[in-house]
Amino acid sequence: MVLDPKIRFNAYHLKMIALITMFLDHFARIIYPDLYILKVVGRLAFILYAFLLVEGFTHTKSSKHYFFRLLIFALLSEIPYDLAFGGQWFDTSRQNIFFTLLAGLSALMVIDSNKISSDVKILLIVALVTAANLFHFDYYYLGVLQVVCFYVFRTNVLKQFLTVGILNLFYMFRISTQSAAILGLLPIYLYNGDRGKKTGILFYIFYPAHLFVFWIIKRYFVG
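Residues numbered from 1 in each chain as written. Predicted model: local features only at pLDDT ≥ 70, side-chain atom pairs only at ≥ 80, totals over all residues. Heavy atoms only, no water.

*Asks:* Please give an account of helix α10 (residues 202–222) that cites residues and values.
*Replies:* Side chains three or four residues apart in an α-helix point the same way, a direct result of the helix having 3.6 residues per turn. Those residues of α10 that fall on the buried side of the exposure criterion are Phe203, Tyr204, Tyr207, Pro208, His210, Leu211, Phe214 and Trp215. For α10, the secondary structure elements touched by its buried residues are α1 (11–31), α3 (44–59), α4 (63–86) and α5 (97–112). (Buried < 20%, exposed > 50% of the residue type's maximum accessible area, 1.4 Å probe, protein only. Helix = DSSP H or I, 4+ residues; strand = E, 2+ residues; numbered from the N terminus. Contact = heavy atoms within 4.5 Å.)

Right, here's the structure in full:
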């Protein structure tokens, strides 16, 4: 099916949709928990981030540099994340989304490696999924497996959407609104493969920055 180019999205558009829906979700979860509709809208964010991670991995010149960039922002984001969602400087019961993306990227590097046997690859991916659950990475097993599905089935949109859709429906046992994430497949379907505008590290900085601002608002103006 050929789509009208006027309604196609590039990577920049997907990033902005992911960023805005994440912002609205966090606004509701941190500042105004009664705004349920924003929590529903926010379910679209991670499915887009997972897809964009795969796109970044397939186009990056250095997966190692990509890995360390995610690691740096995972560490930088942890205190703002803990403050915003736990109200304390260090909360070992939860880890921010960059750790989830880092585990997903690690899985892609394992899959793409020519030095690791198939059996060992499976074991390593199982280990990453287990780590995501044990250390309470945001989105737990869904985060890693969703990234893996987007990558493994990247040449087959039907299989991509079917596996990712099933994962998100199954995750409803943990978060009842997760089925709304499936709507995020629409902008992905309309993706034209172009990068669009560059965002640089501003796209990464936004995450810890907005969480820190939300914590300040909650602590000093709302809470």
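Following the structure, the description resumes.
*Asks:* Please give an account of the side chain of aspartate 138 that cites residues and values.
*Replies:* Within the secondary structure, aspartate 138 sits in the loop between α6 (118–134) and α7 (140–152). Despite its burial, aspartate 138 pairs with no opposite charge, the nearest such side chain being arginine 29 at 5.0 Å. Contact partners of aspartate 138, with chain neighbours within four places excluded, come to Tyr81, Gln95, Asn96, Ile97 and Thr100. (Lys, Arg positive; Asp, Glu negative; His and termini not counted. Salt bridge = Lys/Arg side-chain N within 4 Å of Asp/Glu carboxyl O.)

*Asks:* Would you mind going over the layout of surface pockets in detail, with residue names and values included?
*Replies:* Volume-wise, the largest pocket comes out at about 820 Å³. For the largest pocket, the lining is made up of 28 residues, of which Lys15, Gly56, Tyr66, Arg69 and Tyr204 are closest to its centre. Residue assignment for the lining of the largest pocket shows that the elements contributing at least two residues are α1, α3, α4, α5 and α10. Here the lining of the largest pocket is built from residues that sort into 15 nonpolar, six polar and seven charged. Taken as a whole, the second largest pocket encloses approximately 400 Å³ of empty space. In terms of lining, the second largest pocket is formed by 23 residues, of which the most central are Arg29, Tyr81, Asp138, Tyr139 and Ile175. Every element with two or more residues in the lining of the second largest pocket is listed here: α1 and α3. (1 Å grid on protein atoms, 1.4 Å probe; cavity = no way out; pocket = protein on both sides within 12 Å on 5 of 7 lines; lining within 4 Å. Points joined across faces, edges and corners; volume = space filled by probe spheres on them. Nonpolar A, V, L, I, M, F, W, Y, C, P; charged D, E, K, R; others polar.)

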